[in-house]
Amino acid sequence: MKKAGKLIGRILIGGILLALIAATGGLYYFKSHLPNKVAKESFPQIDGKIKVDGLDGQVDVYRDGMGIPHIYATTSHDLFFAQGYVHAQERFWQMDSWRHIGSGSLSEMFGAGQVETDAFLRTLGWKTVAEQEWEQLSPDAKAIVQSYTDGVNAYLKEHDGAAVSLEYAIVGLLSPDYKIEPWTPVNSLTWGKAMAWDLGGNMDDEIERAILLKTLSPEQLAELYPAYPEDYPVIVPAIGENVNSFGSQTANTVSDFQSSTFNFQPVAENLALLETVLGPTDSDIGSNSWVVSGELTTTGLPLLANDMHLAIQMPSIWIQNSLHCIPKTEACPYDVTGFSFAGVPGVIAGHNDRIAWGFTNLGPDVQDLFIEKVNPENPNQYEVDGKWVDFETRKEIIKVVGGEPVEITVRISRHGPVISDTYGPLKDDVDPKDPEAIPFKDEAGIELPQNYVIALSWTALTPNTPFEAVWGFDRAQNWEEFRAAARMWSVPAQNLIYADVDGNIGYQTPGTIPIRKNGDGTLPVPGWNSEYDWTGYIPFDDLPYAFNPASGFIATANNQANPRDYPYLITMDWDHGQRAARIVDMIQNAPAKIDMAYIQNMHGDSKSLNAEVLVPILLSLQLDPQLASIRDQYLSEWDYQETADSKATSLFEWYWWNLVMDTFKDDLPEAYWPSGGGRWYLVMRELVQQPESPWWDDKATADKVETRDDIFARAFAETVDQIQKEYGKDLANLPAWGELHGATFRNQTLGKAGISLIEDLFNRGPFPTGGGKSIVNATGWVVGESFEVATVPSEREIVDLSNLNNSIAIHTTGESGHAYHPHYADMAPLWANVEYYPMWWEQDSIIEDAEGHLQLVP
């Protein structure tokens, strides 16, 4: 995210500052003219009538008190047409930015500084795959996307430039020739690839493991990547049966191939490019969901809760809306409300008139890196089982605003696109001209190539879209229809929870998950033979599922989904289970029947299981009296709840930063120093049970071998010293956690420009928050960078299946994507305090709360 600010800042600083110098009253322009006049020109019309070509009949759009649109139409075409129109009214800048990301055409908006990012996106080929998906969609699915597209373009036909969104006024200074292009169906489908990238694999972990094996033993690496704990819950201990039991997954056969011999840094740098536009691919990005049957609730019918965790951004990644066919018929079967992506038709997560559903990321291993041998005599060939074959190639032209087009050639092996350059000798100390040094061999005796590239196999690069499944969920009336829709879900594979008005609850793993001939997906593997190829995918009927479990509830939090004796490998890199354990504990130990208020408290629960392990050890140590006094004052009575008003949390998390760094930074390359979160919590939970472990020893102190207690004491002394230097000797001015741990919502492009005049137009915050990484209230931050919130529960919803109109929800910022609009950031304080607004369902309630009634007419 820091890179994004520097990158786009470099792009914008020259053009914007020159424009400011040239324009009289430049400061006035940014401080007054843009927010007070130009911004308002893009605010959507929410009352009256608008004549629109392409409709079958009248569409009514009611916006409730939070600005959420509720759309009523008589045909499916009009319903999705109006959804596209309304999304363009509220969020077109977001949609436009996303489509340029998905298409690898950011250089068309922001210039030459984005060519490198575009080149990597074009190499992945998201748009190419989306074009193939469009051709393969069913006629009904094509009709949905086309109707939505027509609605977007109907809005754009009458609006342009700053009248669409304030951001275009800024882009106009940078790129005067930039024109908003019409929306296309493929633009909607490419966003599925972006979300699949964000949620869909362990490639970062593969690279990290390979690099760490250059300096660590396999045994040491295993300590840093522990298996899923046996004392934490799995979602489905037996297929189709009870859920939320305990168990762990055993590893498949792993390769002896020494992937650490290869240079993966260029691939890591390519991956970092996408973090600048999509946010961090943090291993702790996940979600929570749980559903409780009527046996455990006060209403006698299920309650379903969901909060999906994603990178912090402005505006919210979600736009909330409802779609109602009037009347609901076989030809117009939609009656649904919930959260959507701007740019994509339908409702992703929410409820209809019969069922409710929610998501968390499954986190399967659907990405593998293959090392391909390249022909030293012909770089356009690579080896397959002893024979040279040609790479498939594709030419890509990257258009650059204000510059010349850039042409790249993408090479594609049988495993997927080449995402690295070709490298020469694998080791600096080996002379490739020395016949005694070639061929190279690793420690297992496997011949290594002199020239190689790295190719990516990824399920999302095979044409398949999750959106047909989404539209199936929107229509489904029961468990059978819901599962039938789930069969169409491809990537990113998810945990689906389900409830219906008849009192049923369920869980389903959907998605395309590969079966490997050999290996467990944790390290890059040879691509020059077929020993590590994928042989197929786990059959849908063999994927974990449950229906009406005897436990009376289902909870998912990116933890292990499958039974411990499951015959297939889904991943070795599950979330490490702290959130799941806490959610299950709160359900099983609820003091009474569960109601909406109790689930709201669960959403806001901020108990740190990491603190629960570490603080008792710290309290047991003999410290300097002054340090002991501070420790006892703040931590001896602490309940481990990381609330926004807690000073104990500030002290502990500052201490955690020092503790984990003091323990590991002398053993690891700087790029792989601990970032905190679930894996490191588990690593430390295991390590504290070994007070003499070599990990505790500080390599910088040659005359001493440190133990656990030495490092615990040192880290606390460092913490107190740092706080005193910052806030005073007696720690009275130590900020509460919410002051350190604020959520600042930044526009994903211009909000990171590095120019305060621009950033102040679009960014909002900080908003004090509680919670943290691997906590149910999952406001993640990064050790080594900042306490500032980096990942968030991007929405929260609680669906009451006994009375759908009683359901409640929130998302992060506001419904509007227009800076200075009343609904631009009105949700943020509610979100930060874990508060909600009504998720209106009944039309009478919607009309009573409506602040606007717009009629779209032919």
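Definitions and cut-offs
- Residues numbered from 1 in each chain as written.
- Predicted model: local features only at pLDDT ≥ 70, side-chain atom pairs only at ≥ 80, totals over all residues.
- Heavy atoms only, no water.
- Phe/Tyr/Trp six-rings, centres within 6.5 Å; stacked < 30°, edge-to-face > 60°.
- Helix = DSSP H or I, 4+ residues; strand = E, 2+ residues; numbered from the N terminus.
- Buried < 20%, exposed > 50% of the residue type's maximum accessible area, 1.4 Å probe, protein only.
- Lys NZ or Arg CZ within 6 Å of the ring centre and 35° of its normal.
- Contact = heavy atoms within 4.5 Å.
- Salt bridge = Lys/Arg side-chain N within 4 Å of Asp/Glu carboxyl O.
- Axes fitted to C-alpha atoms, helices over the stretch in contact; angles between N-to-C directions.
- Parallel < 35°, antiparallel > 145°, perpendicular 65-115°, else oblique.
- Nonpolar A, V, L, I, M, F, W, Y, C, P; charged D, E, K, R; others polar.
- 1 Å grid on protein atoms, 1.4 Å probe; cavity = no way out; pocket = protein on both sides within 12 Å on 5 of 7 lines; lining within 4 Å.
- Points joined across faces, edges and corners; volume = space filled by probe spheres on them.
- Pairing = 2+ DSSP bridges.

J.: Looking at this structure, I do not really get the packing of aromatic side chains. What am I missing?
T.: Here the distance between the centres and the angle between the planes together describe a pair of aromatic rings. For the structure on display, the rule yields 46 aromatic pairs. Aromatic side chains W197 and W458 sit 5.4 Å apart centroid to centroid with 75° between the ring planes, which places their arrangement in the edge-to-face category. Here W197, found in helix α9 (residues 185-199), pairs with W458, found in strand β19 (residues 452-458); they are 261 residues apart in sequence, far enough to count as distant. Its relative accessible area of 8% is what places W197 among the buried residues. A relative accessible area of 4% means that W458 is categorised as buried. Each member of the aromatic cluster is reached from another via a ring pair, and the members are W357, F359, F473, W479, F482, W489, Y498 and F547. The ring of F391 carries the charged tip of R411 above its face, separated from the ring centre by 5.1 Å.

J.: Would you mind showing me how to read the side chain of H415 here?
T.: Here H415 is to be found in the loop between β16 (406-412) and β17 (440-441). Residues in contact with H415, not counting those within four places in the same chain, are F370, E372, L456, S457, G527 and D533.

J.: What is the right way to look at the pattern of salt bridges in this model?
T.: Once the charged atoms of two side chains with opposite charge are near each other, the side chains can pair. The full count for this structure, using the stated rule, is 31 salt bridges. The salt bridge partner of E208 is R679, with a shortest N-O separation of 3.3 Å. A residue pair is termed long-range when its members are at least 10 positions apart, and E208 in helix α10 (residues 203-212) and R679 in helix α20 (residues 678-687) qualify at 471 residues. Taken as a pair, E208 and R679 share a single burial class, namely buried. A salt bridge links E788 to R746; the nearest nitrogen and oxygen atoms lie 2.5 Å apart. Separated by 42 residues along the polypeptide, E788 in strand β30 (residues 786-793) and R746 in the loop between β27 (742-745) and α23 (756-762) bring together distant segments of the chain. Here E788 falls in the partly exposed class, since its relative accessible area comes to 26%. A single salt-bridge network, built from bridges that share partners, covers R122, R394 and E396.

J.: What should I look at first to understand the packing of helix α7 (residues 139-157) against helix α13 (residues 467-475) in this one?
T.: Relative orientation of the contacting elements α7 and α13 amounts to 90°, with a least axis distance of 11 Å. When the interaxial angle is binned, α7 and α13 end up roughly perpendicular. Taking contact as the criterion, the partners of A141, I144 and V145 in α7 are, on α13, E468, W471 and R475. When grouped by side-chain class, the residues that make up the contact of α7 with α13 number 4 nonpolar, no polar and 2 charged.

J.: Even after reading the chapter, I still don't get empty space enclosed by the protein, so can you show me in this structure?
T.: Space left empty within the atom packing is revealed by a probe, the size of a water molecule, rolled over the atoms. Following the criterion strictly, the structure yields 7 cavities of 30 Å³ or more and no others. By volume, the largest cavity is sized at about 230 Å³. Lining of the largest cavity is provided by 22 residues; of these, M195, L199, W318, F341 and Q494 occupy positions nearest its centre. Breaking the lining of the largest cavity down by element, the ones donating at least two residues are α9, β7 (303-311), β11 (355-361) and α13.

J.: Please explain the sheet that holds strand β1 (residues 48-51) as it appears in this structure.
T.: The strands that make up a sheet are held in pairs by hydrogen bonds between backbone atoms, and each pair lies either parallel or antiparallel. The strand order β1-β34-β2-β3-β8-β9-β10-β11-β20-β21-β25 describes an open sheet built from 11 strands, whose pairing is mixed. Because the sheet does not close on itself, it has two edges, and the strands there are β1 and β25 (545-547). For this sheet, the mean inter-axis angle between neighbouring strands, taken without regard to orientation, is 15°. Direction of pairing for strand β8 (residues 319-325) relative to strand β9 (residues 335-340): antiparallel, over a ladder of 6 bridges. The residue of β9 that forms the bridge with Q320 is F339. Relative to β8, helix α3 (residues 76-103) is tilted by about 160°, and along the sheet it contacts β1, β2 (59-63), β3 (69-73), β8, β9 and β34 (852-857). Across the sheet, α13 is in contact with β9, β10 (349-352), β11 and β20 (494-500); its angle to β11 comes to roughly 150°.

Just geometry here; none of it tells us what the structure is for.
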